[in-house]
Amino acid sequence: YSHRTLLSTAERVVEDLGLTAASQLAIRTPLSDPRTIAGGLLASLVAGATAVFDDRSGRHADGSAAALEADAALVAPGVDPPEAAWLSTDDIELG
């Protein structure tokens, strides 16, 4: 993927999630996925937000968060994150 593609994807994610310099973005997807790089790491850098790599996801049976509750999250498909603002890697298109 080109730098332009990755950065334009990151900018879309910043807008979609409403990320700001005060935001904390929980990244719960593998770094081996280029959508994690663009939609997680680069989006955090573009917004000046804090990227938090968190390998826990979803909720406990009682509905409480099993993971860190951040301002927004990038998650794997089928995960129900505790954050109100979130995207699945399936929501991110590169190219």
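Treat the numbers as computed from the prediction; the structure is a model and nothing was measured.

So, about the side chain of Glu 83. Secondary-structure assignment places Glu 83 in the loop between β3 (72-75) and β4 (85-88). The residues touching Glu 83, leaving out its near neighbours within four places in the chain, are Ala 26, Arg 28, Leu 68, Glu 69, Ala 70, Asp 71, Ala 72 and Ala 73.

A word on the nonpolar core. The biggest cluster of nonpolar side chains holds 18 residues, and the ones touching the most others in it are Val 13, Leu 17, Leu 19, Leu 25 and Ala 43. Elements supplying a minimum of two residues to this core: α1 (3-17), β1 (24-27), α2 (34-47) and β3. It is α1 that contributes the most residues to this core, five residues altogether. In contact with Val 13, not counting residues within four places along its chain, are Gly 18, Gly 39, Ala 43, Leu 87 and Ile 92.

What counts and how
Residues numbered from 1 in each chain as written. Predicted model: local features only at pLDDT ≥ 70, side-chain atom pairs only at ≥ 80, totals over all residues. Heavy atoms only, no water. Helix = DSSP H or I, 4+ residues; strand = E, 2+ residues; numbered from the N terminus. Contact = heavy atoms within 4.5 Å. Core = buried A, V, L, I, M, F, W, Y, C linked by side-chain atoms within 4.5 Å. Buried < 20%, exposed > 50% of the residue type's maximum accessible area, 1.4 Å probe, protein only.

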